[in-house]
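In case you want the letters, here they are:
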Amino acid sequence: MNTVELIILVASAFVSGAALTALGVLIEFSVRKRAPTRVTRAQIEPAPPPAPPEVTATPEIEPQTRLVPPAAAAAAPPSEVASLPQVSPAPEVASPPEAAALPEEATAVPLEAVPVAPEPLLPPPVTVSPPPEVLPAPVATPPLARFRLGLRRTREGFLSRLRSVMRGGAPIEEIYDGLEEALISADVGVDASTRLVAAVRGRLKGASTPDAIREALKGEISTTLSAVEREPADSGDAPLVVMLVGVNGVGKTTTVAKLAAQFKAERGSVLVAAADTFRAAAIEQLEVWCQRVEVDLIKQKPGSDPAAVAFDAVKAARARGAATVLIDTAGRLQTKVNLMEELKKIARVVGRELPGAPHETWLVLDATTGQNALSQAKLFADAVPLTGVVLAKLDSTAKGGVIIAIADRLKLPVRFVGIGEGLDDLRPFDGREFAEALFTEEATQGGSSYAA
């Protein structure tokens, strides 16, 4: 390689290096132009304060910070740049928006005067709780469905016997004999069962299907119960006086409370007479019920004359304009003559204060006693004229057929039936509804006969 080639090689290398250097400078300039100048916290740490100047008579002028563009700062002579006053940190720091408004290419002189933006405080995280679960509203049981549920034990026992009789295409005479046995087992009674079967025979007049026998029996039961129904007594403008009688333990006091709730909703204000003055805590028990139902109670001391309590209740009802008076009498054995005479006395005294009272005298019977309720009803009817029956605890027995026996033998209407412990579980009785509920299970089997 000669000297000329060496010189050309060195010159080429020099030119290449100069071009690369110029390219790097252009790239650096472009990056700095696009991105704003960032000042680190280390660069803006306040410098130690300078020594205090000498005090002169010239008034002090607060130094101000000037912003000098980079081109002007480079063109200014060193003496002018050095003569710029040093600004100490101000007691109040400028807000961050003012600092952000500075031009991108401006340089603060000195750097110690650049304010530091405080770190933003983030709000605490907000916890959004899920919406509360909305439970579906309870669905109220229809009254007819509740009545059928209360009659469930009687219905199941009665229908199971009918199915066993009518299954397998038995002769018609065997079906009628089995039908009579099924009625007797439901405590309908021998006399009433015989009469019902005879009425079914007469209605069908010959051989029939099990479905036809079932419908005929339902119709006869409904007719028997409807035949003894009567309209409730009308007291006019005077209070309606209802006296309840019955033996011990049939649920008479609870029945009075349930009746008070119904009469209050239908007729208005109710007065209850605590005429059971013999049984221990009977007055206190009735008082608790009256407070729950929110009706007034007329009472005296234990051992007082029951007739006097009933008299006071009727008198108070007339004075207060009450719509109904319920008289709770003491439970007594129907074989005790002196206690039965006490009922007659209560009726006489009440009638003396209000002519025509008591307008209704209802016998409260326990449905679980079955046919024994008939003997109770007969003896109470001999003491006071009964106008109806309230059958309690129907939901606790399979002997609900006693309702048919009461209507057939005593010719008394069943006014109310108890199908539960709640205040609204004492339902007005309807014979057609009872007959329908007694055969309800068949309707849920697609109309099939017992022989299915």
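See the structure printed just above.
Residues numbered from 1 in each chain as written. Predicted model: local features only at pLDDT ≥ 70, side-chain atom pairs only at ≥ 80, totals over all residues. Heavy atoms only, no water.

> Help me understand the overall build of the protein chain in this model?
Secondary structure summary: the protein chain contains 17 helices and ten strands in total. The buried share of the protein chain, taken over its 452 residues, is 38%. Sequence-distant contacts in the protein chain: of pairs separated by 6 or more residues, those separated by 24 or more amount to 75%. When the accessible surface of the protein chain is totalled, it reaches about 26200 Å², and 59% of it is carbon and sulfur. (Helix = DSSP H or I, 4+ residues; strand = E, 2+ residues; numbered from the N terminus. Buried < 20%, exposed > 50% of the residue type's maximum accessible area, 1.4 Å probe, protein only. Contact = heavy atoms within 4.5 Å. Areas by Shrake-Rupley, 256 points an atom, 1.4 Å probe, with all protein chains shown as cover.)

> Would you mind going over unusual backbone geometry with me for this structure?
A negative phi holds for most residues other than glycine; trans holds for most peptide bonds. Cis geometry is found at the peptide bond from alanine 357 to proline 358, where omega equals -5°. Tracing the sequence through the fold places proline 358 in the loop between helix 13 (337-353) and strand 7 (360-366). Non-glycine residue aspartate 187 carries a positive phi angle of around 65°. The phi dihedral of alanine 281 is positive, around 65°, even though this residue is not glycine. Tracing the backbone shows alanine 281 in the loop between strand 4 (270-274) and helix 11 (282-293). For alanine 281, a relative accessible area of 48% gives the class partly exposed.

> Explanation requested: the sheet that holds strand 7 in the structure shown.
Working definition: the strands of a sheet are paired by backbone hydrogen bonds and lie parallel or antiparallel to each other. With respect to topology, eight strands assemble into an open sheet ordered 5-4-6-3-7-8-9-10, the strand pairing being mixed. Looking along the sheet, the strands with just one partner apiece sit at the ends: strand 5 (296-298) and strand 10 (426-428). Taken over all neighbouring pairs, the strand axes of this sheet differ in orientation by 25° on average, direction set aside. As defined by bridge partners, strand 9 (residues 414-418) adjoins strand 10 across three bridges and the pair is classed as antiparallel. Bridge pairing links phenylalanine 416 to proline 428 in strand 10. In this fold helix 10 (residues 252-266) packs onto strand 3 (240-245), strand 4, strand 6 (324-328), strand 7, strand 8 (388-392), strand 9 and strand 10, with an angle of close to 175° to the strand it touches most, strand 6. Sitting on the sheet, helix 11 touches strand 4, strand 5 and strand 6, and the angle it makes with strand 4 is about 165°. (Pairing = 2+ DSSP bridges. Axes fitted to C-alpha atoms, helices over the stretch in contact; angles between N-to-C directions.)

> What exactly am I supposed to notice about the nonpolar core here?
For soluble globular proteins, nonpolar side chains are generally found buried alongside one another. Counting residues in each nonpolar core, the largest one holds 103 residues, and the members touching the most others are Phe158, Ile221 and Phe434. At seven residues, helix 12 (residues 306-320) tops the list of elements feeding residues into this core. Residues in contact with phenylalanine 158, not counting those within four places in the same chain, are Ala182, Leu183, Ala186, Leu217, Leu438 and Phe439. (Core = buried A, V, L, I, M, F, W, Y, C linked by side-chain atoms within 4.5 Å.)

> When you look at the pattern of salt bridges in this model, what are you seeing that I'm missing?
Where charged atoms from two side chains of opposite charge approach closely, those side chains can pair. For the structure shown, the criterion picks out 19 salt bridges. For aspartate 366, the salt bridge identified is with lysine 393, shortest N-O distance 3.5 Å. With a gap of 27 residues between them, aspartate 366 in strand 7 and lysine 393 in the loop between strand 8 and helix 15 (402-410) connect regions that are remote in the sequence. According to the relative accessible area criterion, aspartate 366 is buried, its value standing at 9%. (Salt bridge = Lys/Arg side-chain N within 4 Å of Asp/Glu carboxyl O.)

> Is there a simple way to think about helix 8 (residues 190-204) in this case?
Note on helix geometry: an α-helix contains 3.6 residues per turn, so any two residues three or four positions apart are oriented the same way. A rise of 1.5 Å per residue sets the reference length of helix 8, with its 15 residues, at 21 Å; its end C-alpha atoms lie 21 Å apart and thus fit the reference within 8%. Regarding helix 8, the residues found buried are Ala192, Ser193, Leu196, Val197 and Val200. Projection of helix 8 onto a plane perpendicular to its axis shows the buried side chains occupying an angular sector of 130°, all on one side. The exposed residues of helix 8 that point more than 90 degrees off its buried face are Val190 and Asp191. Against helix 7 (172-185), helix 9 (210-227) and helix 15 lie the buried residues of helix 8. (Expected span 1.5 Å × (residues − 1). Arc of directions from axis to C-beta.)

> Help me understand the environment of alanine 323 in this model?
Within the element layout of this structure, alanine 323 appears in the loop between helix 12 and strand 6. Judged by its relative accessible area of 15%, alanine 323 falls in the buried class. Taking C-alpha positions, alanine 323 is 4.7 Å from proline 239, a pair spaced 84 residues apart along the chain. With residues near it in sequence (within four places) discarded, alanine 323 still touches Pro239, Leu240, Arg267 and Ser269.

> What should I look at first to understand the pairing of strand 7 in this one?
Looking along a regular strand, one sees the side chains alternate between the two faces of the sheet. Burial of strand 7 is extensive: seven of the seven residues sit out of reach of the surface. Neither face of strand 7 is exposed, since Glu360, Trp362, Val364 and Asp366 on one face and Thr361, Leu363 and Leu365 on the opposite face are all buried. The sheet contact formed by strand 3 and strand 7 spans four bridges and is parallel. Bridging across to strand 7, methionine 243 finds its partner in threonine 361. For strand 7 and strand 8, the ladder comprises five bridges, and the chain directions are parallel. In the sheet register, aspartate 366 faces strand 8, and the bridge partner there is alanine 392. Crossover handedness for the path strand 7 to helix 14 (residues 372-383) to strand 8: right-handed. (Right-handed = clockwise from strand over helix to strand, strands pointing away.)

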